[in-house]
Amino acid sequence: MKNKMVGGGILKKLVPFMMAAVAVVVTALSMTGCTYKAKGVTKFVFVKDEYLIYNRVLHKGDAYTEQSVIDDITAPTPIIDAHCGLKRGTNMYTHSKEKPHESEYDSICDICF
């Protein structure tokens, strides 16, 4: 009689199932985004060094939106970035290349000018 190992037959049947399970886990992890690194944010500047009126105060600066490099998601509101350091995400501003009429603002930001 031949000597047969009891566990040898079970291992031959389990190995294909274990390999399939590992393949499913690797595929699932790669699809969840765990395999790439964040690349940062890009800016889309649509107002460059223009007059900005925010809260009835005249500033000078830029307005832009930010976009994630990974998700390609654009910020829903523009961000104003005045030369005085004011940085806000808001739709409540106006901008102009020419200096607006004085009746459109209450004061002028001294730091911007």
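Residues numbered from 1 in each chain as written. Predicted model: local features only at pLDDT ≥ 70, side-chain atom pairs only at ≥ 80, totals over all residues. Heavy atoms only, no water.

A. Focus on the environment of Glu66. Here Glu66 lies in strand E2 (residues 57-68). Each C-alpha atom of the pair Glu66 and Lys43 lies 4.6 Å from the other, and the pair is 23 residues apart in sequence. (Helix = DSSP H or I, 4+ residues; strand = E, 2+ residues; numbered from the N terminus.)

B. How the structure looks around unusual backbone geometry. The backbone of Asn55 sits at a positive phi, close to 55 degrees, despite the residue not being glycine. By relative accessible area, which is 58% here, Asn55 ends up exposed. Despite not being glycine, Arg56 shows a phi value in the positive range, around 60 degrees. Assignment of secondary structure puts Arg56 in the loop between strand E1 (41-54) and E2. What makes Arg56 partly exposed here is its relative accessible area of 41%. (Buried < 20%, exposed > 50% of the residue type's maximum accessible area, 1.4 Å probe, protein only.)

C. Highlighting the packing of aromatic side chains. This model, assessed by the stated rule, comprises two aromatic pairs. On the basis of an interplanar angle of 20 degrees and a centroid distance of 6.0 Å, the ring pair of Tyr51 and Phe113 is categorised as stacked. Of the two residues, Tyr51 sits in strand E1 while Phe113 sits in the segment after strand E6 (107-108), which places them 62 residues apart along the sequence. Relative accessible area serves as the criterion here: at 15%, Tyr51 is assigned to the buried category. Since its relative accessible area comes to 45%, Phe113 is described here as partly exposed. Lying over the aromatic face of Tyr64, Lys43 brings its terminal NZ or CZ to 4.3 Å of the ring centre. Lying over the aromatic face of Tyr51, Lys60 brings its terminal NZ or CZ to 4.6 Å of the ring centre. (Phe/Tyr/Trp six-rings, centres within 6.5 Å; stacked < 30°, edge-to-face > 60°. Lys NZ or Arg CZ within 6 Å of the ring centre and 35° of its normal.)

D. Expanded view of the nonpolar core. The biggest cluster of nonpolar side chains holds 10 residues, and these are Val47, Leu52, Tyr54, Ala63, Ile80, Ala82, Leu86, Tyr93, Cys109 and Cys112. With three residues, the top contributor of residues to this core is E1. Contact partners of Tyr54, with chain neighbours within four places excluded, come to His59, Ile80, Leu86, Arg88, Thr90, Met92 and Tyr93. (Core = buried A, V, L, I, M, F, W, Y, C linked by side-chain atoms within 4.5 Å. Contact = heavy atoms within 4.5 Å.)

E. Spatial organisation of the pairing of E2. Note that E1 and E2 share 11 bridges and pair antiparallel. Each bridged residue has a counterpart across the sheet, and for Ile53 the counterpart in E2 is Leu58. Hairpin connection between E1 and E2: a loop of two residues separates the two successive antiparallel strands, and Asn55 in this loop has a positive phi of roughly 55 degrees. Bridge count for E2 against E6 is two bridges, and the pairing is parallel. By the bridge assignment for E6, Leu58 is matched with Ile108. Across four bridges, the pairing between E2 and strand E3 (residues 79-82) is antiparallel. Residue Gly61 lies in a different strand from E3, and its bridge partner there is Ala82. (Pairing = 2+ DSSP bridges.)

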